[in-house]
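# Descriptive structure summary
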Amino acid sequence: QVQLVESGGGVVQPGGSLRLSCVASGFTFSGYGMHWVRQAPGKGLDWVAFIWYDGSKKYYADSVKGRFTISRDNSENTLYLQVNSLRAEDTAVYYCAKDRGSWYYSDYWGQGTLVTVSS
Amino acid sequence: QSAPTQPPSASGSPGQSVTISCTGTGSDVGGYNYVSWYQQHPGKAPKLMIYEVSKRPSGVPDRFSGSKSGNTASLTVSGLQAEDEADYYCSSYAGSNNLVFGGGTKLTVL
């Protein structure tokens, strides 16, 4: 069965950096695009970034453009999100999600990893 | 890019039907048939319930249906059951390689 397991979250000071990882199993990782979506505590979902199945194209929300970088290693079935210049408003649970063959929606989600930006 | 508007809450009794709206603009909900709906139980990951306005993934009960008129998409849950109590989010393509989520609706089964 499809499994997505995120890691790499933690507490970081404003201006700091983290690298989030998402290990995929149960499907052909190299055949699907992948999303990062975040959810601030008690708030709604917020789309962050998307990467094509082969890494050739990447899309970002305006709020993270220039600070976050999405990447993938298809040989390791792993998705990454490098988050730099972190702000308090980046505090959230970060989910990775698999696209459903079309990048407009996701059919499987991980359980998320919490990033807390605080001094 | 502003988020589509959803009512913060909705409710219904078991067996009843409830409809949740998602109102955007011609640049997102109204401009594309790429509206999807997600269900999220507390502390859990979201689950895809509807995609491309009205299509249901396998395994999603046919009690869940989606539609769109103009700039407003809707999710209808018929024959409400206790396990339908959750948060529901719409999502839409918003052009220029952007996706946008609605603010979410908390559905309560009375």
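Note: the structure precedes this text.
Since the model is a prediction, treat every value here as computed from it, not as a measurement. (Residues numbered from 1 in each chain as written. Chains lettered and ligands numbered in written order. Predicted model: local features only at pLDDT ≥ 70, side-chain atom pairs only at ≥ 80, totals over all residues. Heavy atoms only, no water.)

### Some words on the packing of aromatic side chains
Two descriptors summarise a pair of aromatic rings, namely the distance from one centre to the other and the angle between the planes of the rings. As enumerated under the stated definition, the model contains 19 aromatic pairs over all chains in all. Across the ring face of Phe29(A), the terminal group of Arg72(A) is positioned such that the distance to the ring centre comes to 4.2 Å. (Phe/Tyr/Trp six-rings, centres within 6.5 Å; stacked < 30°, edge-to-face > 60°. Lys NZ or Arg CZ within 6 Å of the ring centre and 35° of its normal.)

### Some points on the interface of chain B and chain A
Contacts between the two partners involve 19 residues from chain B, matched on the other side by 22 residues from chain A. When the two sides are added together, the surface that chain B and chain A hide from each other amounts to roughly 1800 Å², 61% of it contributed by carbon and sulfur. The largest per-residue losses of area from chain B upon contact with chain A belong to Asn97(B), Leu99(B) and Phe101(B), which jointly make up 31% of the total buried on that side. Where chain B touches chain A, the interface holds zero salt bridges. At the boundary of chain B and chain A, one finds six residue pairs in polar contact (both at pLDDT 80 or more). Secondary structure elements with two or more residues in the side of chain B that touches chain A: β3 (35–40), β7 (86–93) and β8 (99–101) of chain B. Per-element tally for the side of chain B that touches chain A: the top contributor is β3(B), with three residues. (Contact = heavy atoms within 4.5 Å. Buried area = accessible area lost by both parts, 1.4 Å probe. Salt bridge = Lys/Arg side-chain N within 4 Å of Asp/Glu carboxyl O. Polar contact = N/O pair within 3.5 Å; in protein donor to acceptor, adjacent residues only side chain to side chain. Helix = DSSP H or I, 4+ residues; strand = E, 2+ residues; numbered from the N terminus.)

### Some points on the environment of Trp109(A)
All names here are of chain A. Following the sequence through the fold, Trp109 ends up in strand β10 (residues 106–109). Taking the C-alpha atoms as reference, Trp109 lies 9.4 Å from Val37; in sequence the two are 72 residues apart. A distance of 3.5 Å separates a polar side-chain atom of Trp109 from the backbone oxygen of Ser106.

### Considerations on the sheet that holds strand β3 (residues 18–25) of chain A
All names here are of chain A. Taken together, four strands build an open sheet; the order of strands is β1-β3-β8-β7 and the sheet is antiparallel. Where the open sheet ends on each side, the last strands, each with one partner, are β1 (3–7) and β7 (68–73). On average, each strand axis in the sheet is tilted by 15° relative to the strand beside it, whichever way the strands run. Judged from the six bridges that link them, β7 and strand β8 (residues 78–83) form a sheet pairing that is antiparallel. The partner of Phe68 across the bridge, within β8, is Val83. (Pairing = 2+ DSSP bridges. Axes fitted to C-alpha atoms, helices over the stretch in contact; angles between N-to-C directions.)

That's the geometry; what it means functionally is another story.
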